[in-house]
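Report on the structure
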Amino acid sequence: MAMSKPQPISAYVVALTCAALHGVVAIIVAPILAIVLCSTAPANLNIDRIMLFAVAAPALSCAFGFAAGALMAAAHNVFAQEQRRAVYRFSKSEAPEVPEAPFVSAA
C-alpha cells in the first residue's frame, strides 16, 4: 500500500527521541527488576552485580534505542524516497480492437 505524500524525516531527531524513551523506561523498570531479583535471589548470588545491572541498564538501553531509532528512520526515508519517485511504465502500444458493426438490412 502506498503512503500518501511521504516526507523524509530527520534520522538524528528520531534516534534521540527513541533513545530518550528507552532510557526513561529503563530508569523506571531496571530498579524494580533489581529489587525483585535481590528479594528472590539465593544467598550465594552476588547482589553487587544486580545493582551494577540496575545502574548500567539505562545507559545500555539508551544506546540500543538510539541505534534502533536511527535504523527505523533510515528505513522510513528509503521507502519515502521510493514512493516519491515518479514511476514510468512503457509498454507496446497495440491498436485497440474496434467491434465490427452488425450487418443489418435497412429495408
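Above this text you will find the structure in question.
Attention here is on the structure that accompanies the text. (Residues numbered from 1 in each chain as written. Predicted model: local features only at pLDDT ≥ 70, side-chain atom pairs only at ≥ 80, totals over all residues. Heavy atoms only, no water.)

**Some details on the overall build of the chain**
Formally: Helical segments are the DSSP runs of H or I of at least four residues, strand segments are the runs of E of at least two, and each set is numbered from the N terminus. Under the scheme applied here, a residue whose accessible area is under 20% of the maximum for its type counts as buried, over 50% as exposed, and between as partly exposed, the area being computed with a 1.4 Å probe on protein chains only. In this description, contact between two residues means that some pair of their heavy atoms is separated by no more than 4.5 Å.
Along the backbone of the chain there are two helices and zero strands. Across the 107 residues in the chain, those meeting the buried criterion constitute 17%. At a minimum sequence separation of 6, the contacts of the chain that also span at least 24 residues come to 86%.

**Remarks on the environment of Ala-57**
Examined against the element boundaries, Ala-57 turns out to sit in helix 2 (residues 47–84). Judged by relative accessible area, Ala-57 falls into the buried class, the value being 12%. As a C-alpha pair, Ala-57 and Pro-31 span 26 residues in sequence and 9.2 Å in three-dimensional space. Non-local contacts of Ala-57, meaning those with residues more than four positions away in its chain, are made with Ala-26 and Ala-30.

**Here's the deal with the state of the cysteines**
Rule in force here: The rule for a disulfide is simple: a pair of cysteine sulfur atoms within 2.5 Å.
One pass over the structure, following the stated rule, counts zero disulfides. Here Cys-18 is not disulfide-linked; the sulfur of Cys-62 is the nearest cysteine sulfur, at 9.9 Å.

**Details of helix 1 (residues 11–40)**
Let me state the cut-off plainly: Helices are assigned an expected span. That span is 1.5 Å times one less than the residue count. One axis fitted to the seven residues ending at a residue, another fitted to the seven starting there: the angle between these axes is the bend at that residue.
Along its 30 residues, helix 1 runs 42 Å from first to last C-alpha, staying within 8% of the 44 Å computed at 1.5 Å per residue. At Ala-26, helix 1 shows its largest bend, some 30°. Turning to helix 1, its buried residues number three or more, namely Ala-15, Cys-18, Ala-19, Gly-23, Ala-26, Ala-30 and Ala-34.

**Some points on the packing of aromatic side chains**
Spelled out, the test is: A pair of Phe, Tyr and Trp rings is counted when the ring centres sit within 6.5 Å of each other, with Trp represented by its six-membered ring. The angle between the planes then sorts it: under 30 degrees is stacked, over 60 is edge-to-face, the rest tilted.
Counted by the stated rule, this structure contains one aromatic pair. Taking the centre distance of 6.3 Å and the plane angle of 80° together, the rings of Tyr-12 and Phe-66 count as edge-to-face. Separated by 54 residues along the polypeptide, Tyr-12 in helix 1 and Phe-66 in helix 2 bring together distant segments of the chain.

**A closer look at the side chain of Asn-77**
Just so we agree on the cut-off: What qualifies as a polar contact is a pair of N or O atoms within 3.5 Å, subject to a donor-acceptor requirement within protein and to the restriction that residues adjacent in sequence count only when both atoms come from side chains.
Following the sequence through the fold, Asn-77 ends up in helix 2. A polar contact is formed between the side chain of Asn-77 and the backbone nitrogen of Ile-9, at a distance of 2.8 Å. Setting aside anything within four residues of it in sequence, one finds Asn-77 in contact with Pro-8 and Ile-9.

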